[in-house]
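Structure at a glance
Next come the chains, spelled out residue by residue.
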Amino acid sequence: MPRTRSTKKSQTPRHSTIPRSLAGAVVLGLTLTGIVASGQGAIAADMPSSIEQSSDAHVSSQHRVDDADTLDPIGSLVAQRLALATPVAQSKWLSGKPITDPVREQAVVDEAVALATKDGVDPDLVARVVRAQISASKVVQNGLFTEWKHNTQTAPTEAPDLATIRPQLDSIDTALVTAIGDASAVANDARCSHAVDSERDRTYPGMDSLERKAVRVAWASFCAS
Ligand SMILES: C=C(O[C@@H]1C=C(C(=O)O)C=C[C@H]1O)C(=O)O
């Protein structure tokens, strides 16, 4: 008898819209994502051991839906992290700091890997996903700098201090480690790239082409193969 998972839905609709420049809503969004992330654990605990299925095709299609749902918390955190790339870029534009800060990047990766190791989450998976988030942030920052250089009237004239944004990035990265731990089975599943495609599509509405490019970079190294 085939085994399958319950059909409980995630709290985020598959085709919900995540608008651009959500920086002001990041803290709230993070809180909500934390609720969603712990909800995933509750879903796993509630799973029935076996349910009669009418056909193998149904099992297969249900598995795809569940894999994509499992990636929802990561997808939301990816979007929240990218929303902060705009204020980061504004701050660096006005302060004259370079986009790339190798010391900070190493600290971000080290912090996430240490947390993963402490929590029993695959540290290699966490390191490659966090490095991808850093690359994705720089895609947005470089794109904005290019735009502001070519159209100086669009360049920012005010920005938050980088020191106020980085703690928000740190909070997102902490939540990301948990979300990655909850989704590590998907990362190692043969259907991983399909689940990632579905999750990317969920977060695309409301994003411009630069953010979509960054989202692709953010997910590029999630799947093990
Ligand atoms: C976001 C920043 O810009 C870049 C991206 C980083 C990140 O995504 O964590 C870290 C350092 C920078 O290379 C930043 O400086 O904080």
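Residues numbered from 1 in each chain as written. Predicted model: local features only at pLDDT ≥ 70, side-chain atom pairs only at ≥ 80, totals over all residues. Heavy atoms only, no water.

Looking up the protein chain in an unreviewed UniProt entry gives the name chorismate mutase, with the organism given as Agreia pratensis. According to the UniProt record, the Pathway (unreviewed entry) comment for the protein chain reads "Metabolic intermediate biosynthesis; prephenate biosynthesis; prephenate from chorismate: step 1/1." (UniProt positions renumbered as here; feature names shortened; annotations may be inferred.)

1. Notes on the overall build of the protein chain
In terms of helices and strands, the protein chain carries 10 helices and 0 strands. Ordering the α and β elements of the protein chain from the N terminus gives α-α-α-α-α-α-α-α-α-α. Expressed as a percentage of contacts within the protein chain between residues at least 6 apart in sequence, the contacts between residues at least 24 apart total 88%. (Helix = DSSP H or I, 4+ residues; strand = E, 2+ residues; numbered from the N terminus. Contact = heavy atoms within 4.5 Å.)

2. Here's the deal with helix H7 (residues 162-182)
The end-to-end C-alpha distance of H7, which contains 21 residues, comes to 30 Å, matching closely the 30 Å that a straight helix rising 1.5 Å per residue would cover. Listed as buried for H7 are Leu162, Ile165, Leu169, Ile172, Asp173, Ala175, Leu176, Val177, Ala179 and Ile180. N-cap assignment for H7: the residue whose side-chain oxygen lies 2.9 Å from the backbone N of Ala163 is Asp161. (Expected span 1.5 Å × (residues − 1). Buried < 20%, exposed > 50% of the residue type's maximum accessible area, 1.4 Å probe, protein only. Polar contact = N/O pair within 3.5 Å; in protein donor to acceptor, adjacent residues only side chain to side chain.)

3. Looking at the state of the cysteines
When the sulfur atoms of two cysteines share a covalent bond, that bond is a disulfide. For the coordinates displayed, the defined rule picks out 1 disulfide. What pairs with Cys192 in a disulfide is Cys223, and their sulfur atoms sit 2.1 Å apart. Taking the sign of the S-S torsion, -85° for the link of Cys192 and Cys223, the bridge is left-handed. Taken together, the positions of Cys192 in helix H9 (residues 192-203) and Cys223 in the segment after helix H10 (209-219) put the pair 31 residues apart, joining distant regions of the chain. (Disulfide = S-S within 2.5 Å.)

4. Concerning the site of the ligand
Among the 15 residues in the neighbourhood of the ligand, the closest are listed as Arg81, Lys92, Asp101, Glu105 and Arg166. One of the backbone N or O atoms of Ile99 is found 3.5 Å from an oxygen atom in the ligand. Within the side chain of Gln141, one N or O atom sits 3.1 Å away from an oxygen atom of the ligand. Protein contact buries 100% of the 350 Å² of open area that the ligand shows by itself. Secondary structure elements with two or more residues in the shell around the ligand: helix H4 (85-95), helix H5 (102-119), helix H6 (123-150) and H7. Partitioned by chemical class, the residues of the shell around the ligand number 5 nonpolar, 3 polar and 7 charged. (Near = heavy atom within 4 Å. Areas by Shrake-Rupley, 256 points an atom, 1.4 Å probe, with all protein chains shown as cover. Nonpolar A, V, L, I, M, F, W, Y, C, P; charged D, E, K, R; others polar.)

5. Observations concerning helix H3 (residues 72-83)
For H3, which comprises 12 residues, the first-to-last C-alpha distance of 17 Å matches the rise-based estimate of 16 Å (1.5 Å per residue) to within 8%. The buried count for H3 comes to 12 of 12 residues, which makes it a mostly enclosed element. When H3 is considered as a whole, its buried residues turn out to be Asp72, Pro73, Ile74, Gly75, Ser76, Leu77, Val78, Ala79, Gln80, Arg81, Leu82 and Ala83.

6. Describing the environment of Cys192
Cys192 sits in the buried class, given a relative accessible area of 1%. A sequence separation of 33 residues divides Cys192 from Ser225, and the C-alpha atoms of the two residues are 8.3 Å apart. Non-local contacts of Cys192, meaning those with residues more than four positions away in its chain, are made with Val186, Ala187, Phe222 and Cys223.

7. Some words on the packing of aromatic side chains
Tallied over the entire structure, the rule returns 4 aromatic pairs. Between Trp93 and Phe145, the aromatic rings sit 5.2 Å apart at their centres with planes inclined by 90°, giving edge-to-face as the arrangement. A residue pair is termed long-range when its members are at least 10 positions apart, and Trp93 in helix H4 and Phe145 in helix H6 qualify at 52 residues. Of the residues examined, Trp93 reaches a relative accessible area of 25% and is grouped as partly exposed. Here Phe145 falls in the buried class, since its relative accessible area comes to 12%. For the ring pair Phe145 and Trp148, a centre distance of 6.0 Å and an interplane angle of 40° mean the geometry is tilted. Of the two residues, Phe145 and Trp148 both sit in helix H6, 3 residues apart, roughly one turn of that helix. A single burial state applies to Phe145 and to Trp148, both of which are buried. Among the aromatic side chains, those forming a connected cluster through ring pairs are Trp93, Phe145 and Trp148. (Phe/Tyr/Trp six-rings, centres within 6.5 Å; stacked < 30°, edge-to-face > 60°.)

8. A word on the pattern of salt bridges
For the structure on display, the rule yields 9 salt bridges. Across the salt bridge formed by Arg202 and Asp72, the nearest N and O atoms sit 3.1 Å from each other. Of this pair, Arg202 sits in helix H9 while Asp72 sits in helix H3, placing them 130 residues apart in sequence. Lys138 is paired through a salt bridge with Glu105; the nearest N and O atoms lie 2.7 Å apart. With a gap of 33 residues between them, Lys138 in helix H6 and Glu105 in helix H5 connect regions that are remote in the sequence. Residue Lys138 is classed as buried on the basis of its relative accessible area, which comes to 18%. What you see here is one network of salt bridges that share partners, running through Asp72, Glu199 and Arg202. (Salt bridge = Lys/Arg side-chain N within 4 Å of Asp/Glu carboxyl O.)

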